Amino acid sequence: MPDAPAPPEPTAEQAAATMASKPYVVLLVIVGVIGVVVSLAAWCFLELVYQITQEVYTHLPHALGYDNGAPLWWPIPVLAIAGVLVALAITRLPGNGGHIPAQGLGGGGGPAQPVDLPGVLLAGLASISLGAVVGPEAPLIALGSGVALLTIRAARRDMAPQVLLIIAAAGSFAAISFIFASPLIAAVLMIEVIGIGGPRLPVVIVPGLLGAGIGTLVSIGMGSFTGLSSSNFALDPVTLPHFAHPTLAQFGWTIALAIAIAVVARIVMLGGARTVPVAARRPLVVLPIIGVIIAGLAIAFHGITDKSINEVLFSGESALSGLVNGAGAWSVGALLALIAFKGIGYSLSIGSFRGGPTFPAVFLGAAAGIATSHLPGFALTPAVAVGMGAGTVAVLRLPLSAVVLATLLTSHAGTGDEPLIIVGVVVAYIVTLVLSAPARATAPEAEPAAPAEAPDVGAPAPAAPA
């Protein structure tokens, strides 16, 4: 049978009328309440990730008599156990453990359902807190949508499916804002992930912006109320020397760096894609083996460079500031070893464990930027900024998010690096698309999920409570 015709795109006047209606205002109130609930859940998840990491890698070794810190072999059993836990979440619980990071950040499939949350949370906690090279953003997006839908169902509200999609998206906005110092990054990231444009965009984005703002406010409030710092898991701007304006030579180095990062990122993502079917066949066997390999990479990196194994393990958002602030203590050889060893661990992790791909890409991009800052005429600030932006877009393929993320992360150094960031992101994005074209021609990728439609909250159907 032929596909049903797509609903007509609303005009700007119709979208404005929808947003001015009473049901839409009520929807915003509902989103505000749900934003608080989701933000509390996201804070608990991220704080639990941090506390598990501290217990496993700091407190437990000390309790066992290792007063000078965990022994060098410690990550081997820890990551093997993480592999078992993630495999059990994948095979025994609904939801397949959540998002597969090798698919990027917008892997499609619609919002996470409440029934999927136990498996998503278990897989995410085991992966992120025990040392796999993945970040928390994908589990947070699933947590936000799942908790939002669960809250609506608990309130026994009968809502149209399109409205539920918007509420789920707003919940994801609120959750993802916790890991960024600015809700602007979370908002732009989610706009590109959802992929809505035209007159529908304001109808959908206003609840999302409200959710992101509430998420940031709750993050600040919880930090003040509990005394626990969100800096343990939030990605804050890095400290870099002030940069006034770019030179012609720096534009040349920017293009070269962006091309190199796009090529390496493509290799990493291809490795992750090849790992997915291998891990999916026998996860209870393959995931612990991959965990041991990642631990071995970290140990080998330490043996070669005498740097901490934690530089290779984990996603990197908490280590980014230390890497940039201590750039002078890293030789080019050590930085290249970091990119190689963490890059391999990253590739294996995104094809097997569960989490998000964003923060390792940012960290590795920063490492590449520090390495290229040794080139003549390429200062540290623009090199790191370009590296982070190019690394982000090469993995996520979200150019606007990459520009905003790199700009805000280097905002303390001024605005002189912004033209270089834009050029670097554009070049890396184009190169990534070119490198991906042959793979799409021989093995077509799955069609992305259709973007959510804006709710007709002004219609007589029960889109929102009266």
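Please refer to the structure higher up on the page.
What you see is a predicted model, and the numbers here were worked out from it, not measured in a lab. Sequence order as written defines the numbering, with residues in each chain counted from 1. The predicted origin of the model limits local features to residues at a pLDDT of at least 70 and limits the giving and counting of side-chain atom pairs to 80 or more, whereas totals for whole chains, interfaces and linings rest on all residues. Values shown for side chains rest on all heavy atoms present in the structure; no hydrogens or waters enter the calculation.

## What about the overall build of the protein?
Along its length, the protein carries 16 helices and 0 strands. By the burial criterion, 52% of the 466 residues in the protein qualify as buried. Residue contacts follow a heavy-atom distance rule, with two residues in contact if any of their heavy atoms lie within 4.5 Å. Taking contacts inside the protein between residues at least 6 apart in sequence as the whole, the part at least 24 apart equals 82%. Accessible surface, the protein as shown: approximately 19,000 Å² in total, 69% of it carbon and sulfur. Counting from the N terminus, the helices are the DSSP runs of H or I reaching at least four residues and the strands are the DSSP runs of E reaching at least two. Three exposure classes are used, based on accessible area relative to the maximum for each residue type with a 1.4 Å probe and protein chains only: buried under 20%, partly exposed in between, and exposed over 50%. Each accessible area is a Shrake-Rupley result for a 1.4 Å probe, and residues are judged covered by the shown protein chains and nothing else.

## Structural notes on the packing of aromatic side chains
Pairing of aromatic side chains requires ring centres within 6.5 Å, counting the rings of Phe and Tyr and the six-membered ring of Trp. Pairs whose planes differ by under 30 degrees are stacked, by over 60 edge-to-face, and all others tilted. Scanning all chains against the criterion turns up 6 aromatic pairs. When the ring of Tyr-57 is compared with that of Phe-314, the centres are 5.3 Å apart and the planes differ by 70°; the resulting orientation is edge-to-face. Taken as a pair, Tyr-57 in helix α2 (residues 22-63) and Phe-314 in the loop between α10 (283-305) and α11 (320-325) lie far apart in primary sequence, 257 residues in all. Grouping residues by exposure puts Tyr-57 and Phe-314 together as buried. Here the aromatic residues Tyr-66, Trp-73 and Trp-74 are joined through ring pairs into a cluster of three or more. Lysine and arginine charges are scored as sitting over a ring when NZ or CZ, respectively, is within 6 Å of the ring centre and within 35 degrees of the ring normal. Over the ring of Trp-330 we find Lys-307; its NZ or CZ atom is 4.5 Å from the centre of that ring.

## Brief notes about the side chain of Lys-342
Its place among the elements puts Lys-342 in helix α12 (residues 332-350). Buried Lys-342, no salt bridge; nearest opposite-charge side chain is Glu-311, N-O distance 6.8 Å. Any pair of nitrogen or oxygen atoms within 3.5 Å is treated as a polar contact; in protein, a donor-acceptor pairing is required on top of that, and neighbouring residues in sequence qualify only through side-chain atoms on both sides. At 3.0 Å, the side chain of Lys-342 forms a polar contact with the backbone oxygen of Val-312. If near-sequence neighbours (up to four positions away) are discounted, Lys-342 is found in contact with Val-133, Glu-311, Val-312, Leu-313, Phe-314, Ser-315, Phe-363 and Leu-364. Working convention for charge: Lys and Arg count positive, Asp and Glu count negative, and His plus the chain ends are omitted. By definition here, a salt bridge exists when the distance from a side-chain nitrogen of Lys or Arg to a carboxyl oxygen of Asp or Glu is within 4 Å.

## Looking at the layout of surface pockets
Gaps left between atoms show up when a probe the size of a water molecule is rolled over them. In this analysis a 1.4 Å probe is tested at points of a 1 Å grid over the protein atoms alone, and where it fits but cannot get out there is a cavity; an open set with protein on both sides within 12 Å along at least five of seven lines is a pocket; lining residues have an atom within 4 Å of a point. Grid points are joined across faces, edges and corners, and a volume is the space filled by probe spheres set on the points. Space inside the second largest pocket adds up to approximately 570 Å³. As for the second largest pocket, its lining consists of 30 residues, of which Thr-53, Gln-54, Asn-310, Phe-314 and Ser-318 are closest to the centre. Looking at the lining of the second largest pocket element by element, the count peaks at 7 residues for α2. Under the scheme applied here, ten amino acids are nonpolar (Ala, Val, Leu, Ile, Met, Phe, Trp, Tyr, Cys and Pro), four are charged (Asp, Glu, Lys and Arg), and all others, including Gly, are polar. Taken together, the residues that form the lining of the second largest pocket break down as 17 nonpolar, 11 polar and 2 charged.

## Thoughts on the environment of Ala-340
Mapped onto the fold, Ala-340 is located in helix α12. On a C-alpha basis, the gap between Ala-340 and Phe-301 in space is 9.2 Å, while along the polypeptide they are 39 residues apart.

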